[in-house]
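# A closer look at the structure
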Amino acid sequence: MKTVKEVSRLTGLSVRALHHYDAIGLLRPSRTTPAGYRLYDDAALERLQMILLFRELEFPLEQIRQILDAPGFDRRLALMQQLELLEMKRERLTALIDLTRGLQSIGGNTMDFSAFDRSRLDEYAARAREAWGDTPAYSEYEQKRAGMNEAQAAGVDAAFMAQFAALGRLKSLPPEAESVQRQVDSLRRYISANYYTCTLDVFESLGGLYASGAFTESIDSAGGEGTADFASKAIAAYCRMANE
């Protein structure tokens, strides 16, 4: 665990900025001591890395929060897209440096404005934002979340993890077993009722994400080691049987 001052020294962010991130729900401390000191664990620092990468790409804080909190957020995909954007940014900066050096060496003017063109970078950033957060599912999630206070939202999320705890208790059975499939159906219904409409396509995608590493740790914490992988296989079986 690191204190807010230690995180400030580590990242270069001011303590005030970290307090602001907490206030807007962008980066919550992992826990707070009885004396009121904020403490951050490795998971919080991993989230902070993502926040800082998005900030380097000039994403607004509220948009970063929406992206990171989106139900379908895939950290590996986000890193891949961030890398693509950073490489585009580097290419643009290199072009600007070359243009400036050229102007310095010739001591005159040039009508070449191509280095200032941001269209490719902006277009890719817009596509990335659409992939991460601007979806009907996320809009529905935001609408449902808007009607809850913090305690209600925490209760909904806790009950969601309880769905995985129930799946974890069935890990000794085949993924296709009737009792397992009833629990998978319960999970899908819970998502639709409390987050967003969980179509078969969405559910199948979620199943892949659950075992991809993005959600594995939290799901395994709820249902025991191997629950995320078991849930993924059970969801795949559910979708396959539904399409037969």
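This section reports on the structure supplied with the text.

Between two aromatic rings, the relevant description is the distance of the centres plus the angle of the planes. Under the defined criterion, the tally for this structure stands at six aromatic pairs. Centre to centre, the rings of Phe-160 and Tyr-190 are 6.3 Å apart; their planes meet at 15°, and the pair counts as stacked. A residue pair is termed long-range when its members are at least 10 positions apart, and Phe-160 in helix H8 (residues 150–168) and Tyr-190 in helix H9 (residues 178–194) qualify at 30 residues. Assessed through its relative accessible area of 15%, Phe-160 is described here as buried. With a centroid separation of 6.4 Å and an interplanar angle of 65°, the aromatic rings of Tyr-190 and Tyr-195 are classed as edge-to-face. Three or more aromatic residues link up through ring pairs in this structure, and these residues are Phe-160, Phe-164, Tyr-190, Tyr-195 and Tyr-210.

In this model, helix H3 (residues 42–56) (15 residues) spans 21 Å end to end at C-alpha, consistent with the 21 Å of a helix rising 1.5 Å per residue. Taken together, the buried positions of H3 are Ala-44, Leu-45, Leu-48, Met-50, Ile-51 and Phe-54. With a side-chain oxygen positioned 3.2 Å from the backbone nitrogen of Ala-43, the residue opening H3 is Asp-41. Positive phi shows up at Glu-58, right after H3, with a value of about 70°.

The three strands are arranged E1-E3-E2 in an open sheet whose pairing can be described as antiparallel. The strands lining the two open edges of the sheet, one partner per strand, are strand E1 (2–3) and strand E2 (31–32). As defined by bridge partners, E1 adjoins strand E3 (residues 38–40) across two bridges and the pair is classed as antiparallel. Residue Thr-3 lies in a different strand from E3, and its bridge partner there is Leu-39.

Here we come to the side chain of Asn-194. Relative to the helices and strands, Asn-194 is located in helix H9. Dropping the residues within four chain positions of it, Asn-194 is found in contact with Lys-144, Met-148 and Val-156.

Unoccupied space between atoms shows up once a probe the size of one water molecule is rolled over them. The computed volume of the largest pocket comes to approximately 2,000 Å³. Forming the walls of the largest pocket are 47 residues, and the residues nearest its centre are Arg-47, Leu-68, Asp-69, Phe-215 and Ser-218. Broken down by secondary-structure element, the contributors of at least two residues to the lining of the largest pocket are H3, helix H4 (61–69), helix H5 (75–106), helix H7 (136–146), H8, helix H10 (200–210) and helix H11 (216–223). Ranked by residues supplied to the lining of the largest pocket, first place goes to H8 with seven residues. A class-by-class count of the residues in the lining of the largest pocket yields 27 nonpolar, six polar and 14 charged.

Definitions and cut-offs
Residues numbered from 1 in each chain as written. Predicted model: local features only at pLDDT ≥ 70, side-chain atom pairs only at ≥ 80, totals over all residues. Heavy atoms only, no water. Phe/Tyr/Trp six-rings, centres within 6.5 Å; stacked < 30°, edge-to-face > 60°. Helix = DSSP H or I, 4+ residues; strand = E, 2+ residues; numbered from the N terminus. Buried < 20%, exposed > 50% of the residue type's maximum accessible area, 1.4 Å probe, protein only. Expected span 1.5 Å × (residues − 1). Polar contact = N/O pair within 3.5 Å; in protein donor to acceptor, adjacent residues only side chain to side chain. Pairing = 2+ DSSP bridges. Contact = heavy atoms within 4.5 Å. 1 Å grid on protein atoms, 1.4 Å probe; cavity = no way out; pocket = protein on both sides within 12 Å on 5 of 7 lines; lining within 4 Å. Points joined across faces, edges and corners; volume = space filled by probe spheres on them. Nonpolar A, V, L, I, M, F, W, Y, C, P; charged D, E, K, R; others polar.

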